[in-house]
Structures are given as structure tokens and as C-alpha cells.
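Spelled out from the first residue to the last, the chains are:
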Amino acid sequence: MLQVQLPDGTLVEHPENATAMDVAEKIGSRLAKAVVAAKIGDRIVDATRPLAELTDQSPVPLKLLTERDAEALDVLRHSSAHIMA
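Summarised in this report is the structure supplied together with it. It should be emphasised that the depicted structure is a prediction, and the values quoted were computed from it without experimental measurement.

Next up on the list: the nonpolar core. Membership of the largest hydrophobic core comes to 17 residues, with the highest contact counts inside it found for Val4, Ala20, Val23, Ile40, Leu51, Leu62 and Leu64. Counting only elements with at least two residues in this core, the list comes to strand S1 (2-5), helix H1 (20-27), strand S3 (37-40), helix H3 (51-54) and strand S5 (60-65). In this structure Ile40 touches Val45, Leu51, Leu54, Thr55, Gln57, Val60, Pro61 and Leu62, once residues within four positions along its chain are discounted.

Shown next as C-alpha cells:
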């Protein structure tokens, strides 16, 4: 099992192949729909990649980024630039 630590300090357990989106879905479907990306420590990552591939930290320090987070705007701009190109 993979331990994930949320920003409020809560520890949750997920299967080894869990993604940030899986964590969001377990919290709530509305949150999962709002997730743009995830942040592990200081690194912004794709919310659909398995967390175990992205870090060796245990527990995984995870923050789910939504449109309310300034960092999510950077992700949206970057993705939009790829679409426009």
C-alpha cells in the first residue's frame, strides 16, 4: 500500500499504482472533476501518472491543484500552448 499525506496532514492509503486522480476521486467526485494537476513536494506533476513512479518519498506529500491554485493556471497555459502549436 502507498501512503499519501494530504496538505492538512491526513494520511490515506491507496494501492501502489494509485494516481493523484485516484486520491481525488476517493475524496469526492467534484474534486476529481476540478483537478488540473498535482504537486508532490515542490514538483508539479500529471495527475494521471502513478504516484509511485513520481517519487520514492513515503508518505507521498500530495497537493491536488484546482483552478483555485495559481500553479494550476501555469499548467493550463502550458497545455494550451501545446494545443495552439
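There's more to say after this.
A few words on the pairing of strand S2 (residues 11-14). One ladder, built from four bridges, connects S1 with S2; its direction is antiparallel. Within S2, the position partnered with Val4 by the bridge is Val12. The loop that links S1 with its antiparallel partner S2 comprises five residues; one of these, Gly9, has a positive phi angle of about 95°.

Reading the values: the criteria
- Residues numbered from 1 in each chain as written.
- Predicted model: local features only at pLDDT ≥ 70, side-chain atom pairs only at ≥ 80, totals over all residues.
- Heavy atoms only, no water.
- Core = buried A, V, L, I, M, F, W, Y, C linked by side-chain atoms within 4.5 Å.
- Buried < 20%, exposed > 50% of the residue type's maximum accessible area, 1.4 Å probe, protein only.
- Helix = DSSP H or I, 4+ residues; strand = E, 2+ residues; numbered from the N terminus.
- Contact = heavy atoms within 4.5 Å.
- Pairing = 2+ DSSP bridges.

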